[in-house]
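Listed here are the chains, written in short residue letters.
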Amino acid sequence: MRRLLVLSATALLASATAALAAPASVDVTLSPEMQKKFAKTYGEREAELLRADLKASVEKALANTDAYDGARIELTITDVKPNRPTFKQMSDTPGLSMQSFGIGGATIDGHIVSADGRTTPVNYRWYESDIRQAYGNWIWHDAQWSFDRFARKLARGGEVARQ
């Protein structure tokens, strides 16, 4: 009986500690220049897809760590390049097809506001440099790769500086 009571108290303390440590909130926006570029060149649908993709990558990476519990992470996609033409680009330029490809990547800027109010700037940039490696299966392959690399580095607990 006493052992059961000790186990119950331990479980209660563990759940209370987990409840106090709220996961970081992640907010992703596009820079004004990128909003114009998406409206004119890539298409609005693609903008929302990339915003959701970066947010999901960061939340997934931070789910397994308590590095930024209680923090607010505010990110801005300041540049992005697709590997393949977007649907809007293909409709605007008849010579393009999904067979067309190039190097892509992304630049992310932002800041982290910790639970105690301290603000730390973050920025990350990665673009594929070898066309032989750029033959991804979908439009935003290298941008996705950039988002995942950024999220993994962020989850390790160190603020990410320009790479």
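Parameters and conventions
Residues numbered from 1 in each chain as written. Predicted model: local features only at pLDDT ≥ 70, side-chain atom pairs only at ≥ 80, totals over all residues. Heavy atoms only, no water. Phe/Tyr/Trp six-rings, centres within 6.5 Å; stacked < 30°, edge-to-face > 60°. Helix = DSSP H or I, 4+ residues; strand = E, 2+ residues; numbered from the N terminus. Buried < 20%, exposed > 50% of the residue type's maximum accessible area, 1.4 Å probe, protein only. pLDDT = per-residue confidence, 0-100. Contact = heavy atoms within 4.5 Å. Salt bridge = Lys/Arg side-chain N within 4 Å of Asp/Glu carboxyl O. Core = buried A, V, L, I, M, F, W, Y, C linked by side-chain atoms within 4.5 Å. Pairing = 2+ DSSP bridges. Axes fitted to C-alpha atoms, helices over the stretch in contact; angles between N-to-C directions. Expected span 1.5 Å × (residues − 1). Arc of directions from axis to C-beta.

The tally for this structure, following the rule as stated, stands at four aromatic pairs. Measuring from ring centre to ring centre gives 5.2 Å for Phe-38 and Tyr-42, while their planes differ by 65°; the resulting arrangement is edge-to-face. Here Phe-38 pairs with Tyr-42, and both are found in helix α2 (residues 32-42), just four residues apart, close to one helical turn. Comparing Phe-38 with Tyr-42, the two get one shared label, buried. Taking the centre distance of 5.4 Å and the plane angle of 90° together, the rings of Tyr-42 and Trp-140 count as edge-to-face. Pair noted here: Tyr-42 is in helix α2 and Trp-140 is in the loop between β4 (119-127) and α5 (141-155), with a separation of 98 residues, a long-range link. One exposure class covers both Tyr-42 and Trp-140, and it is buried. Grouped by ring-pair contacts, the aromatic residues Phe-38, Tyr-42 and Trp-140 constitute a single cluster.

A few words on the confidence of the model for the protein. Averaged over all residues, the pLDDT of the protein equals 83, while 82% of them reach at least 70. Across residues 4-19 the pLDDT falls below 50, and counting only partners more than four positions away or on other chains, this stretch makes zero contacts in the model.

Time to look at the pattern of salt bridges. Evaluated as defined, the whole model comprises six salt bridges. Between Arg-45 and Glu-46 there is a salt bridge, with its nearest N and O atoms 4.0 Å apart. Across the salt bridge formed by Arg-72 and Glu-74, the nearest N and O atoms sit 2.5 Å from each other. Residue classification places Arg-72 among the partly exposed residues on the basis of a relative accessible area of 40%. Relative accessible area serves as the criterion here: at 22%, Glu-74 is assigned to the partly exposed category.

Okay, the nonpolar core next. Phe-38, Leu-54, Val-58, Ile-73, Leu-75, Val-80 and Phe-150 are the most contacted members of the largest nonpolar core, which has 33 residues in total. For this core, the secondary structure elements donating two or more residues are β1 (25-30), α2, α3 (44-62), β2 (72-81), β3 (105-113), β4 and α5. Once you skip the residues sitting within four places of it in the chain, Val-58 turns out to touch Val-26, Leu-75, Phe-150, Ala-151 and Leu-154.

As paired elements, β1 and β2 share six bridges and run parallel to each other. Pairing of Ser-25 across the sheet is with Arg-72, part of β2. Summarising the sheet, β2 and β3 pair through nine bridges and their orientation is antiparallel. Its bridge partner being in β3, Glu-74 is matched across the sheet by His-111.

This next bit is on the sheet that holds β4. The strands that make up a sheet are held in pairs by hydrogen bonds between backbone atoms, and each pair lies either parallel or antiparallel. Pairing in this open sheet of four strands is mixed, and the strands run β1-β2-β3-β4 from one edge to the other. The open sheet is flanked by β1 and β4, the only strands paired with a single partner. Going from strand to strand, the sheet's axes swing by 20° on average, the running direction of each strand aside. Across the face of the sheet, α5 comes into contact with β2, β3 and β4 while running at roughly 145° to β4.

The end-to-end C-alpha distance of α3 is 28 Å, a good match for the 27 Å that 19 residues give at a rise of 1.5 Å each. Looking only at α3, the buried set comprises Glu-46, Ala-47, Leu-50, Asp-53, Leu-54, Ser-57, Val-58, Ala-61 and Leu-62. One face of α3 carries all of its buried residues, which in axial projection span an arc of 155°. Exposed residues lying more than 90 degrees from the buried face of α3 are Glu-44, Arg-45 and Lys-60.

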